[in-house]
Amino acid sequence: MNARRWWDLIVAGSLTVLAVITIDHSWVSVGERAGGLLSLAVIGLAYLGWGRRMLRSSNPSASAGDSGFDYAAFPASARLFQITLVVSCGAATAFDPSLATAQTLAFPILWALSTSFFGAVIWSALLSMSAGLGMWVGMGSTQGAAVQAAAIEGISFVFALAMGTWISRIADAGAYQRKLVQELTLAQDELAVLHRDAGSAGERERLAREIHDTIAQSLTSLVMLTQRTRSELAALPGDTTAVADNLDLIESTGRDALTEARALVASMSPVRVGDADLAHTVARLADRFGRETGIQVTVDLSGLDGAPLDRALEVVLLRCGQEGLANVRKHSRAGAARLAIERSRAEVTLTLSDDGQGLGGYSPDSENGFGLAGMRDRVSLVGGRLDVTNAVGGGTGTVLRVTLPLPLPLPLPLPLPLPLPEPALVPAVQAGGHG
């Protein structure tokens, strides 16, 4: 049952019981009985007009506690409802002192509608004074009635204060536990991502070693055997042109397959960062990529000057740069590329552009591989965005841009200067070379 239905049941049930008690009191005059019923009716109407509109049909938010009243969105309704409760309970008690029992409904609502503990205490005191004044009037306005009303309302106020404090602490503890559960869930999600990444990197490295030690070696042997067979064929008498052409085709096919195998090994092998920071690691990655592919890579890492980035952001930038270069290797047919990392106050951006054949008919919905999709997932985990477009200005080539938000700076400077942390090390990831 949600908060709205619970409060509907509580308010309707309490007012109904109080109305029956008022009607059953034969010693109360008809006018006093009518006044008491009218006061109860005002409370019910105030709940329907102001209180119920503040109630959520779903679970309440942490900002409004567990009461379900969204007093932050309806501050005027909350205040009018509180005033009505205080005045109507006092009026009902003045008509029939037994209706002081209405405080059992009013106290919880006042606490639920209060924005702070101090505010709840003030409203509870006002309700006790209103009900006490009404009880004194209803009991004849005598000195004895004043003492009795003060004693009863004093006990009611203390009881309400004790119960409200206890329930408030329970609500605060529940909110704190929910926060801990949320933080634990986020930590578990991050740990699962790290575990998945570590497993994926390990498996890619293992496959790279297997391909290098088996398929690549076998293709190398095939090329060498073809070359030896051609030498032996040249020593034979007769016309061997047709056979030589077939050997040329075999050797060419073997070399192409060997090139693809080496490229595959390069794309899956990890980048060994050692003690280097992100700038040195990216520069080494680009240099190795250029030596292996013949594609000249220009590097601009001005965005890495200054304070080091968060370790998680460094990992994302490195892996996106590596995957982007792998795509340039496989698909671009480019002769040159540019890799830049730039930083502003709010974000850091990695841009990889080439002068190749461009995207053609590419769109994010048409992605059928794992490279860009995995990159997009990785970027989204840190709240960033990935854009892949054709070169601007009508030029040829592709532009890949990864934008990551930076953590907000502290509002106040630290009282003492602290030493800058050592550059974060980026864990081993896929690279552009092979063992």
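Parameters and conventions
- Residues numbered from 1 in each chain as written.
- Predicted model: local features only at pLDDT ≥ 70, side-chain atom pairs only at ≥ 80, totals over all residues.
- Heavy atoms only, no water.
- Helix = DSSP H or I, 4+ residues; strand = E, 2+ residues; numbered from the N terminus.
- Buried < 20%, exposed > 50% of the residue type's maximum accessible area, 1.4 Å probe, protein only.
- Contact = heavy atoms within 4.5 Å.
- Areas by Shrake-Rupley, 256 points an atom, 1.4 Å probe, with all protein chains shown as cover.
- Pairing = 2+ DSSP bridges.
- Axes fitted to C-alpha atoms, helices over the stretch in contact; angles between N-to-C directions.
- Salt bridge = Lys/Arg side-chain N within 4 Å of Asp/Glu carboxyl O.
- Phe/Tyr/Trp six-rings, centres within 6.5 Å; stacked < 30°, edge-to-face > 60°.
- Parallel < 35°, antiparallel > 145°, perpendicular 65-115°, else oblique.
- Nonpolar A, V, L, I, M, F, W, Y, C, P; charged D, E, K, R; others polar.
- Expected span 1.5 Å × (residues − 1).
- Arc of directions from axis to C-beta.
- Core = buried A, V, L, I, M, F, W, Y, C linked by side-chain atoms within 4.5 Å.

### Structural notes on the overall build of the chain
Phase 1 of the analysis: Helix and strand content of the chain: 11 helices and seven strands.
Phase 2 of the analysis: Split into buried and exposed, the 435 residues of the chain put 37% on the buried side.
Phase 3 of the analysis: Considering only residue pairs separated by 6 or more positions, the chain has 71% of its internal contacts joining residues 24 or more positions apart.
Phase 4 of the analysis: For the chain, the exposed surface amounts to about 24,500 Å²; the carbon and sulfur share of it is 63%.

### Regarding the sheet that holds strand β3 (residues 336-343)
Strand pairing within a sheet occurs via backbone hydrogen bonds; the two strands may be parallel or antiparallel.
Phase 1 of the analysis: Taken in spatial order, the five strands of this open sheet run β2-β3-β4-β6-β5, and their pairing is mixed. Sheet topology places β2 (296-300) and β5 (385-390) at the edges, where each strand pairs with a single neighbour. Put simply, the sheet's adjacent strands are angled 10° from each other on average, direction ignored.
Phase 2 of the analysis: Here β2 runs beside β3; their pairing, made up of five bridges, is parallel. The residue bridging V299 from the neighbouring strand is L339, located in β3.
Phase 3 of the analysis: Contacting β3, β4 (347-354) and β6 (398-405), helix α10 (residues 311-332) runs over the sheet at an angle of about 10° to β4.

### Thoughts on the environment of A279
Phase 1 of the analysis: Structurally, the position occupied by A279 is in helix α9 (residues 278-293).
Phase 2 of the analysis: Considered as a pair, A279 and L301 are 22 residues apart in the sequence and their alpha carbons are 6.5 Å apart.
Phase 3 of the analysis: Apart from residues no more than four positions distant in its own chain, A279 is found in contact with L301 and L304.

### Description of unusual backbone geometry
Phase 1 of the analysis: Phi angles above zero are rare outside glycine, and S141 is one such case at about 60°.
Phase 2 of the analysis: Of note, S141 is situated in the loop between α5 (117-138) and α6 (143-213).
Phase 3 of the analysis: Although it is not a glycine, R333 sits at a positive phi angle of roughly 55°.
Phase 4 of the analysis: By secondary structure assignment, the location of R333 is in the loop between α10 and β3.

### Section: the pattern of salt bridges
Phase 1 of the analysis: The full count for this structure, using the stated rule, is five salt bridges.
Phase 2 of the analysis: A single network of salt bridges, built from pairs that share partners, joins R230, D248 and E251.

### A closer look at the packing of aromatic side chains
Phase 1 of the analysis: Enumeration according to the criterion identifies two aromatic pairs in this entry.
Phase 2 of the analysis: Relative to F81, the ring of Y47 has its centre 6.4 Å away and its plane inclined at 50°; by these criteria the two rings are tilted. One end of the pair, Y47, is in helix α2 (residues 30-51); the other, F81, is in helix α3 (residues 75-95), and 34 residues separate them in sequence. As far as the burial class goes, Y47 and F81 line up, both buried.

### A closer look at the packing of α9 against α10
Two quantities define a packed helix pair, namely the angle between the axes and the distance from one axis to the other.
Phase 1 of the analysis: The interhelical angle for the contact between α9 and α10, taken along N-to-C directions, is 10°, at an axis separation of 11 Å. If you check the angle between α9 and α10, you find them roughly parallel. Residues L278, T281, V282, L285, A286, F289, E292 and T293 of α9 pack against E314, L317, L318, G321, Q322, L325, V328 and R329 of α10.
Phase 2 of the analysis: Class assignment for the residues of the contact of α9 with α10 results in nine nonpolar, four polar and three charged.

### Structural notes on helix α7 (residues 215-234)
Every α-helical turn comprises 3.6 residues, leaving residues that sit three or four positions apart pointing alike.
Phase 1 of the analysis: Here α7 spans 29 Å end to end across 20 residues, near enough to the 28 Å set by a 1.5 Å rise per residue.
Phase 2 of the analysis: Burial in α7 covers these residues: A216, L219, V223, T226 and L233. Taken end-on, α7 shows its buried residues confined to a sector of 115°, consistent with a single buried face. Across α7 from its buried face, at more than 90 degrees, point the exposed residues M224, R228 and S231.

### Re the nonpolar core
Phase 1 of the analysis: Ranked by internal contacts, the top residues of the largest apolar core, which has 32 residues, are L317, L339, I341, L400, V402 and L404.
Phase 2 of the analysis: Listed by contribution, the elements that provide at least two residues to this core are α9, α10, β3, β4, α11 (371-381), β5 and β6.
Phase 3 of the analysis: Sorting elements by how many residues they give to this core places α10 first, with seven residues.
Phase 4 of the analysis: For L317, the residues in contact, after removing those within four places along its chain, are L278, L309, I341, V348, L350 and L404.

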